Amino acid sequence: MNNPNVKVFAIESTLSSFPSYVICGANPLNETEIHGESFLLAIFKGRKAKLVPMEVTIPKKIAEIKIDTEFVIEECLTQAKFNLIEIGKTKIQRYGSGDLPFIHKVTEMDANYLFHGFFMQNEIKNKIELIATLSKIDAIKQLTERLSSCEKFSFVTIEN
């Protein structure tokens, strides 16, 4: 289900021992503009997530420089990183930690990675279902609808 106009990134940071994830997408809106969206799933303690949606419309040409969907996706990822750091700053104020959050590593993921059981926990799955309703980009809607229709893996113990 990989689409060149939709990318999934894992962001490792000091915010949590679990990475946070960003779904970014871009589509030409019309002849002169490109619409971009990012959905940050900031993961806390592996069970809860905060969803931070963001959208932008950028002209296809700025000062004679052509802008493409790849550029818009990178801009959406950059904004998601800023949003993650802002979330970390509010956690510092709330919990009294003195260390500012920072990002260790950003990795592009295969979208199929999101189909493992971790994303099927109710708190996280609810956020993914919300993305499907908020997104205006069909490829993001299709990905998140597929994700939200998956079932959580269950392990069965076989006794002899």
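Residues numbered from 1 in each chain as written. Predicted model: local features only at pLDDT ≥ 70, side-chain atom pairs only at ≥ 80, totals over all residues. Heavy atoms only, no water.

1. Quick word on the pairing of strand β1 (residues 6-13)
Most of β1 sits inside the fold, with seven of its eight residues counted as buried. Where β1 lies against strand β2 (residues 20-28), six bridges are found, and the strand directions are antiparallel. Bridging from a neighbouring strand, Lys7 pairs with Cys24 of β2. Counting the residues in the hairpin turn of β1 and β2 gives six residues. Bridge count for β1 against strand β7 (residues 103-109) is six bridges, and the pairing is antiparallel. Bridge pairing in β7 places Ser13 opposite Ile103. (Buried < 20%, exposed > 50% of the residue type's maximum accessible area, 1.4 Å probe, protein only. Helix = DSSP H or I, 4+ residues; strand = E, 2+ residues; numbered from the N terminus. Pairing = 2+ DSSP bridges.)

2. Here's the deal with the confidence of the model for the protein
On average, the protein scores 82 in pLDDT, and the residues at 70 or more come to 81%. Within the protein, no element has a lower average pLDDT than helix α3 (residues 138-149), which sits at 84, and none a higher one than β2, at 93. Low pLDDT, under 50, characterises residues 153-157; the stretch is placed with three contacts to residues that sit more than four places away or in other chains. (pLDDT = per-residue confidence, 0-100. Contact = heavy atoms within 4.5 Å.)

3. Examining the pattern of salt bridges
As enumerated under the stated definition, the model contains three salt bridges in all. Among the salt bridges present, the one from Lys136 reaches Glu55, with a minimum N-O distance of 3.2 Å. Of this pair, Lys136 sits in the loop between α2 (122-134) and α3 while Glu55 is found in strand β4 (residues 48-59), placing the two residues 81 residues apart along the sequence. Given a relative accessible area of 45%, Glu55 falls into the partly exposed group. Close ionic contact of Glu64 with Lys61 constitutes a salt bridge, the shortest N to O distance being 3.6 Å. (Salt bridge = Lys/Arg side-chain N within 4 Å of Asp/Glu carboxyl O.)

4. Points about α2
With 13 residues, α2 should reach 18 Å at 1.5 Å per residue; the first-to-last C-alpha distance of 18 Å fits that figure. Within α2, the full set of buried residues consists of Ile124, Lys125, Ile128, Ile131 and Ala132. Each buried residue of α2 sits inside an arc of 105 degrees when the element is viewed along its axis, so together they form one side. For α2, the exposed residues lying more than 90 degrees away from the buried face are Asn122 and Thr133. Of the surrounding elements, those touching the buried residues of α2 are β2, β3 (33-44), β4 and α3. (Expected span 1.5 Å × (residues − 1). Arc of directions from axis to C-beta.)

5. Focus on the sheet that holds β2
Within the open sheet, the five strands sit side by side as β4-β3-β2-β1-β7. Their pairing is antiparallel. Two strands close off the open sheet at either side, each with one partner strand: β4 and β7. On average, adjacent strands in this sheet sit at an angle of 20 degrees to one another, irrespective of strand direction. Strands β2, β3 and β4 of the sheet are contacted by α2, whose axis makes an angle of about 20 degrees with β4. Its contacts with the sheet place α3 against β1, β2 and β3, and it is angled at close to 145 degrees to β2. (Axes fitted to C-alpha atoms, helices over the stretch in contact; angles between N-to-C directions.)

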